[in-house]
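Given next are the chains, with one letter for each unit.
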Amino acid sequence: MDDVASRAEPLLSVRGLTVRFGGIVALDAVGFDVARGHVCGLIGPNGAGKTTLFNCLSRLYRYQEGDILFEGRSITNLPTHGIAGLGIGRTFQNLAMFRTLSVLQNVMVGGHSRSSAGFLASALQLPQVKAEERQQRERAEEIMVFLALTPVAARPVGTLPFATQKRVELGRALAANPKLLLLDEPAAGLNHEELDDLARLIREIRDRLGVTVLLVEHHMGLVMGVSDRIVALNFGRKIADGTPAQVRDDPAVIEAYLGAPAEKRHAEPA
């Protein structure tokens, strides 16, 4: 494949994904592409299927139909522990930090997910293990500079403000050098000023680090402001896919969020 074709090929392609939990259809033939170097927002009301889709991408859930292609390769049969090595990183709605470890140690954990050293080599502290550990520390220090975490590098994560802990979690995901970063409601619990900082960071992750981002978020201002493209779900089905302006004005999206058809709302007297 030549360079032009490689750039044209979507980094991520979700094809006809269907997930059932008993009699409940959580995802119903959902399909969309995420282009390289883009921020793609994934929106929808509670229960729309956004987290289910993220868990399929992370191989935490199995899907009954469809496929997920990453760089043209199916991940359907890939084990969960192989996702980070493939180049997919993720943050979660609920923080899961090592609270007694330092910021530096937490960020370095992300790099360990792509370690090539085996158990025996690590236990014996062979030279290649020490070299890899040094590289991971250097990478973690670069990320902390990028995220303005250097001043608190030695602090236990559990002693830091919530917004700072979320940046540490983001640093841990970036330490694995992902090509695709899955952000699961990163704005939850942040104030207005912190939201502005998050929007700037997401743009810089795309523009400076060259990382493609798939963003699940309820804060519409953030999604509309940082996304190149937006996919909207409702009751497990895709209802819109386009630019922020196209999705914002889509009647199906308006109805999903406001509970009434757009034409009916406009017809009602003020």
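That block above? That's the structure.
The sections below set out a description of the structure shown in this document. (Residues numbered from 1 in each chain as written. Predicted model: local features only at pLDDT ≥ 70, side-chain atom pairs only at ≥ 80, totals over all residues. Heavy atoms only, no water.)

### Details of the overall build of the protein chain
Phase 1 of the analysis: Of regular secondary structure, the protein chain possesses 12 helices and 10 strands.
Phase 2 of the analysis: Relative to its full complement of 270 residues, the protein chain shows a buried share of 47%.
Phase 3 of the analysis: Split by element, the accessible area of the protein chain, about 13600 Å² in all, is 53% carbon and sulfur. (Helix = DSSP H or I, 4+ residues; strand = E, 2+ residues; numbered from the N terminus. Buried < 20%, exposed > 50% of the residue type's maximum accessible area, 1.4 Å probe, protein only. Areas by Shrake-Rupley, 256 points an atom, 1.4 Å probe, with all protein chains shown as cover.)

### A closer look at the packing of aromatic side chains
Phase 1 of the analysis: Within this structure, the stated rule accounts for one aromatic pair.
Phase 2 of the analysis: Pairing Phe21 with Tyr61 gives two aromatic rings, centres 5.4 Å apart and planes at 80°, and the pair type is edge-to-face. Highlighted residues: Phe21 in strand 1 (residues 12-21) and Tyr61 in the loop between helix 2 (50-57) and strand 4 (65-70), separated in sequence by 40 residues.
Phase 3 of the analysis: The exposure class assigned to Tyr61 is partly exposed, which follows from its relative accessible area of 29%. (Phe/Tyr/Trp six-rings, centres within 6.5 Å; stacked < 30°, edge-to-face > 60°.)

### Focus on the pairing of strand 8 (residues 212-216)
Phase 1 of the analysis: Within strand 8, five of the five residues are buried, leaving the element largely enclosed by the surrounding structure.
Phase 2 of the analysis: Residue alternation in strand 8 divides its side chains into two sets, Thr212, Leu214 and Val216 and Val213 and Leu215, and both sets are buried.
Phase 3 of the analysis: As paired strands, strand 7 (residues 180-184) and strand 8 are joined by five bridges and run parallel to one another. Among the inter-strand pairings, Asp184 is bridged to a residue of strand 8, identified as Val216.
Phase 4 of the analysis: Taken together, strand 7, helix 8 (residues 192-207) and strand 8 form a β-α-β motif whose crossover is right-handed. (Pairing = 2+ DSSP bridges. Right-handed = clockwise from strand over helix to strand, strands pointing away.)

### Observations regarding the nonpolar core
Phase 1 of the analysis: Membership of the largest hydrophobic core comes to 44 residues, with the highest contact counts inside it found for Val103, Val107, Leu170, Leu181 and Ile205.
Phase 2 of the analysis: Considering each element in turn, this core owes the most residues, six residues, to helix 8.
Phase 3 of the analysis: Other than its neighbours up to four places away in sequence, Leu170 contacts Thr91, Leu147, Leu181, Leu183, Leu201 and Ile205.
Phase 4 of the analysis: By size, the runner-up hydrophobic cluster in this structure holds 31 residues, among which are Leu17, Leu42, Tyr63 and Leu86. (Core = buried A, V, L, I, M, F, W, Y, C linked by side-chain atoms within 4.5 Å. Contact = heavy atoms within 4.5 Å.)

### With respect to helix 8
Phase 1 of the analysis: Compared with an ideal rise of 1.5 Å per residue, which puts 16 residues at 22 Å, helix 8 spans 23 Å between its outermost C-alpha atoms and is within 8% of the ideal.
Phase 2 of the analysis: Its side-chain oxygen placed 3.2 Å from the backbone nitrogen of Glu193, Asn191 serves as the N-cap of helix 8. (Expected span 1.5 Å × (residues − 1). Polar contact = N/O pair within 3.5 Å; in protein donor to acceptor, adjacent residues only side chain to side chain.)

### Comments concerning the sheet that holds strand 1
Phase 1 of the analysis: Across the sheet, which stays open at both edges, the four strands sit in the order 2-1-4-5 with antiparallel pairing between neighbours. Either end of the sheet is taken by a strand with one partner, and the two such strands are strand 2 (24-34) and strand 5 (73-74).
Phase 2 of the analysis: Relative to strand 4, strand 1 is paired through five bridges, and the arrangement is antiparallel. Counted as the bridge partner of Thr18 is Glu65 from strand 4.
Phase 3 of the analysis: Packing of helix 2 onto the sheet brings it into contact with strand 1, strand 2 and strand 4, and relative to strand 1 it is tilted by some 115°. (Axes fitted to C-alpha atoms, helices over the stretch in contact; angles between N-to-C directions.)

### Considerations on the sheet that holds strand 3 (residues 39-43)
Phase 1 of the analysis: The six strands are arranged 6-7-8-3-9-10 in an open sheet whose pairing can be described as mixed. The strands lining the two open edges of the sheet, one partner per strand, are strand 6 (88-90) and strand 10 (237-242). Pairwise comparison of adjacent strand axes, ignoring direction, gives a mean angle of 20° for this sheet.
Phase 2 of the analysis: Sheet topology places strand 3 next to strand 9 (residues 229-234); four bridges connect them, and they run parallel. Looking at the pairing, Cys40 lines up with Arg229 of strand 9.
Phase 3 of the analysis: The strands touched by helix 2 within the sheet are strand 3, strand 6, strand 7, strand 8 and strand 9, with strand 7 carrying the most contacts at an inclination of about 145°.

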